Amino acid sequence: MHYIRSCDFNRNANMFKSSFFSVIACMFCMLHPFYVLKAQNESKEVITLPAVEIYDSIINRLTPRTSIGQLEMQTQPANDLGEMLRTEPNVSGIRRGGYAVDPVIRGFRYSQLNISLDHGIHIEGGCPNRMDPVLAHVDNDMVERIEITRGPYEVAYGPVQGGSVRLITMPQKRFGTAGFNVTSISGFDANRSGWRQHLAMSHTSPGFFVKVTGGIKDYGNYTDGNGKEWETAYKKRDLSIDLGAKISANDEIHFAWKGSFGRDVMFPALPMDELKDNTHILNLQYTHLNPGKPGHSLDISAWYTDVYHEMGNKFRPQFSKVVPPYTGQMQTLAKVDAATAGVRLNRVSKTATTDINYGIDLNFAAKDGTRHMKMIMEMDDQVFVSQKYFNLWKEAWILNSGMYGALSFSQRKFIFKINGRLDYNYSNSEDTLSLISTEQRWFDVSSRDRFLWSSSVISAYYFNNQSSIKLGLARGARSPDLQERYIKFLATGADSYDYLGNPALRPEVNYQADLMFDYESGTNRIYVNIFRSEVRDFITGKLLPPDQVKPVSMGAPGVKQFTNVDRAVFMGFEAGLGTRFYKQLTFTLNAGYTYAYFPEIEKIVLKNNQAAGVVMLKNDPVPEIPPFEARLKATYALWNNKLQPELVITAASHQGAISKSAYEKTTPGFVLFDFGVSYKPFSFTSFHLGIKNLTNQAYSMHLNRNIIGSNHRFYEPGRSFYVNLIINL
Amino acid sequence: MKKAKHVYQSMNKWLYLLFISLVLWSCEGEEPTLQPRGIRFHFDHRINGEKLVFNSMQYTNAAGNSYEVKEIMYFVSDVILYHSSGNLISRGSLNDIHYTDTNLPETWEWLITGDYPAGDYDSLSFTFGIKSSKNQSFMFVNPPEVNMAWPEVLGGGYHYLMLNGWWRDTVNLRRPFDFHLGIGQIYKNNSGQVSDIIEFIDNSFTVRVSGVPFRLEESKVTDLTLVMNVERWFNSPVIYDHNIWGGAIMQKQEAMHAGCLNGRDVFTLEPYALH
């Protein structure tokens, strides 16, 4: 087995680049078009996973979108939805601990992405350090499907600027023949010495359905390829109840409650760990269908979410003893309450050539939280305790209400889709902090309101039944989130700097163009998506002069404040193809790359941690952009698909396009080999076992955070054996 | 199938071109550093005009105590420049505080920049320590500054000065002294018990530095040496006797007050010269 060690990349990046592209070239060569076949298995006993995309409507076919199905999530040893998303082209994730990977799509992250559940439910994570990004509040075993849209093309679930992720958790099969179904998913991961168990029970009938699920995850620390153990243990409990009833032939009502409870979730890349996280998601939905007019529907939904988040450093050494260079014990505990509430009305109607979708929505998000710091010192043979409470947020909130519409129609070989959205956004905070100098107004809270508009046009031209070309043009605007507006002195970024909010931020606006090419012949597919985004008023952290504002978080070397930068440019592509040899051997290859830069940005030159001057940089790369990455998957079907071995090769290039203004560091490339086998002895049960990172590669992804207070990268797990058992009765 | 092959080959070529164009897309560039106008202080520590020798019992104060210095840590803040025109120029920034630590060379320089008028200046002044309005607990959470924390129960905030060393007492015993200045306390009945504190005293004081006039030029940093004459902490105007005050003075307002009176002329200013 050949593999390339990360240290080789360090020694000679150029050699790596040439060898890496050779590997990619070989992969393409192997996939000779003569043998190209559709990767999606059409057999009833399907175990092979969808190769590239699943489309569920003609409207969505137009957008640069991919989807992850339930089977893939159940069979993989992914710890959370963020890890699952990282398997998609041009989707990466920020890792801070063993759980809660934060997704990055085409370089866009956080509130540049609109992440919603079902019919537009939005969750506001409680942690300012993003220990609990939105996806961390939903267990992957509860999700039926994930839809990823790259770009601001899906405006029906809220304002979107860089991309959107939609989790479908509502049972797809609700009303029908009376029946009882039980699904059990069990998993074990040897590297993490951890296991998961998920149980789902559902009952369906023509007029009523109920589904109850529960899950436990208990994972220990993992070991990287160098044999180093990382403090990444965590415990999660999840519960959900779905109830639905047909109140008439045309009307359905659906109620759902989901609870997610995290305990002792370790984050070695953050100054604190999650001690407690309780999430409640409540959803009530009414649907009106018209059997006489298929495709016509009216949905009215209302939701409420509540997240209580508690974090502290009680698992860190400085909590219980003096750790030099400190001369006292340092203890920190933070508590945050975050809540959202919203309503949405959505209407779909259809004619022979036209689809229309329109609606209104309202979303309210609020946060409030404090940090308690305690210092225990011994001076002059006496023990002194000093403590203080700080506001992280003080009754900060944002109200966003919007209306949207989408029209899709076809004209001969053309299909068009036009989207539009108008939002009114209002924010306020009861914060009393005011940082105003004679020279500058740094932080001064006052309420703000703004109107935002987004629109997009996608047109597709079908050359024939096999190939099409699509052009998308979009303008997507988003207002700054609660963190960017009101956060106070917390290390929330890629570096360990404290971040300060900026109530005066302007909205970010993305002007994006996508050119998409699709080719399908028989059962085969090749696709290429190219994009270019120009983000005006890009929001990023700007280092404040260290002699002006001091950090508050332990280990933070300075303070950065969220600021609008004139513009940032993102561009790149996703490409992929799928093929099958002799009806048994299936290959899929996906690749994605984003390059992003600031045409002009200010850099503060530091000397002895003091601002020694300012340099204007031109075309400086945007920080935290993942490198080029490609993934090749080969699956072989045996015994009428009952046994399927699978090999996945993932290659990421050296990331040398680093931000000088942010003092970012390069990351070596890597190549990973994963091997797995799926075995389905009976129709109701299947085993999925394998080895992740077969060669025990020691590697860190570019977006992985550094260990707090150091320049050491947080590494990914080394070799790991896993086994999953799925029983469906 | 031929068509498919053709499309595939075109794509390969196209992808290659895309890679090349992405790599060559942008040329990074840098504009020259904007040099700020300001002053770079170089902190120096001397006794009787000579470079301070640490950990050597070779000094004697006005009270006759033989002593040695182990380390000195202190804050200075709120610099005011006295322009020859008679104007007082304050920097007016949010957090004009600098920490100096004789153990940490990186703290021996302090660059202050701002929109100071160019021209001649007669002198400057600064606050020794941190004024009580700014001296808030937990405003520093990282070493080394955090280790200057002044206990909340004794007034909170941070030490102004930690001058640690040894002296020989009346029986020639080598004893440690922690000459620490910070927020003072008034105790009911002079009990010295924390529970009896009835008032806190802001002991920070202004130092008008004697020494040479200096000049600030456009787009240029002026280097100056700020000398702490350590012996003056103990000599004038109050003769400070370690045998009277003992080793620890954090809860002895009278001792700290004596130190603060002496501290007003501890510093002198010199043109910076490379040694």
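This write-up is about the structure you can find in this document. (Residues numbered from 1 in each chain as written. Chains lettered and ligands numbered in written order. Predicted model: local features only at pLDDT ≥ 70, side-chain atom pairs only at ≥ 80, totals over all residues.)

With that settled, the discussion passes to the overall build of chain A. Tallying secondary structure elements over chain A gives 7 helices and 36 strands in all. Buried positions account for 52% of the 729 residues belonging to chain A. Taking as baseline every contact in chain A between residues at least 6 positions apart, the subset at least 24 positions apart corresponds to 67%. (Helix = DSSP H or I, 4+ residues; strand = E, 2+ residues; numbered from the N terminus. Buried ≥ 20, exposed ≤ 12 C-beta atoms within 10 Å, placed from the backbone. Contact = placed C-beta atoms within 7 Å.)

Let us now look at the sheet that holds strand β3 (residues 102-105) of chain A. Backbone hydrogen bonds hold the strands of a sheet together, and the pairing may be parallel or antiparallel. Residues and elements named next belong to chain A. Judged by pairing direction, the sheet is antiparallel, and its 3 strands sit side by side in the order β2-β3-β4 without closing on themselves. Looking at which strands have only one partner, the edges of the open sheet turn out to be β2 (91-94) and β4 (108-109). In the sheet, β3 pairs with β4 via 2 bridges, with the strands oriented antiparallel. Bridging from a neighbouring strand, I105 pairs with F108 of β4. (Pairing = 2+ DSSP bridges.)

Before going further, it helps to spend a moment on the pairing of strand β7 (residues 163-168) of chain A. Residues and elements named next belong to chain A. Of all 6 residues that make up β7, 5 are buried, and the element is covered over most of its length. In the sheet, strand β5 (residues 113-117) pairs with β7 via 5 bridges, with the strands oriented parallel. Bridging from a neighbouring strand, L113 pairs with G163 of β7. Pairing between strand β6 (residues 145-150) and β7: 6 bridges, direction antiparallel. Opposite I148, over in β7, you have V165 as the bridge partner.

Right, let's talk about the environment of L689(A) for a bit. All names here are of chain A. Relative to the helices and strands, L689 is located in strand β35 (residues 685-692). Overall, the presence of 18 C-beta atoms within 10 Å leaves L689 in the partly exposed class. Here the alpha-carbon distance between L689 and T332, two residues 357 residues apart in the chain, equals 41 Å. Excluding residues within four positions of it along the chain, L689 makes contact with G676, V677, Y722 and V723.

A few words on the sheet that holds β6(A). Residues and elements named next belong to chain A. Spatial ordering of the open sheet is given by β1-β6-β7-β5, a layout of 4 strands whose pairing is mixed. Of all the strands in the sheet, just β1 (65-69) and β5 have a single pairing partner and so form its edges. If you compare each strand with its neighbour and ignore which way they point, the axes differ by 15 degrees on average. (Axes fitted to C-alpha atoms, helices over the stretch in contact; angles between N-to-C directions.)

In a soluble, globular protein the nonpolar side chains are often hidden away together inside. By size, the foremost hydrophobic cluster in this structure holds 170 residues, and its most contacted members are I146(A) and A568(A). If we ignore the near neighbours within four places in the chain, the residues touching A568(A) are V535(A), F538(A), A596(A), F598(A) and V622(A). (Core = buried A, V, L, I, M, F, W, Y, C linked by C-beta atoms within 7 Å.)

Another aspect to go through is the environment of V723(A). Residues and elements named next belong to chain A. Mapping V723 onto the fold places it in strand β36 (residues 720-728). Owing to 17 C-beta atoms within 10 Å, V723 belongs among the partly exposed residues under this scheme. As for V723 and D449, which are separated by 274 residues in sequence, their C-alpha atoms are 52 Å apart. Sequence-distant contacts of V723, that is, excluding residues within four places in its chain, are made with F188, F687 and L689.

Our focus in this paragraph is helix α4 (residues 253-263) of chain B. A large share of α4(B) lies buried, amounting to 8 of its 11 residues. The complete set of buried residues in α4(B) reads Q253(B), A255(B), M256(B), A258(B), G259(B), C260(B), N262(B) and G263(B).

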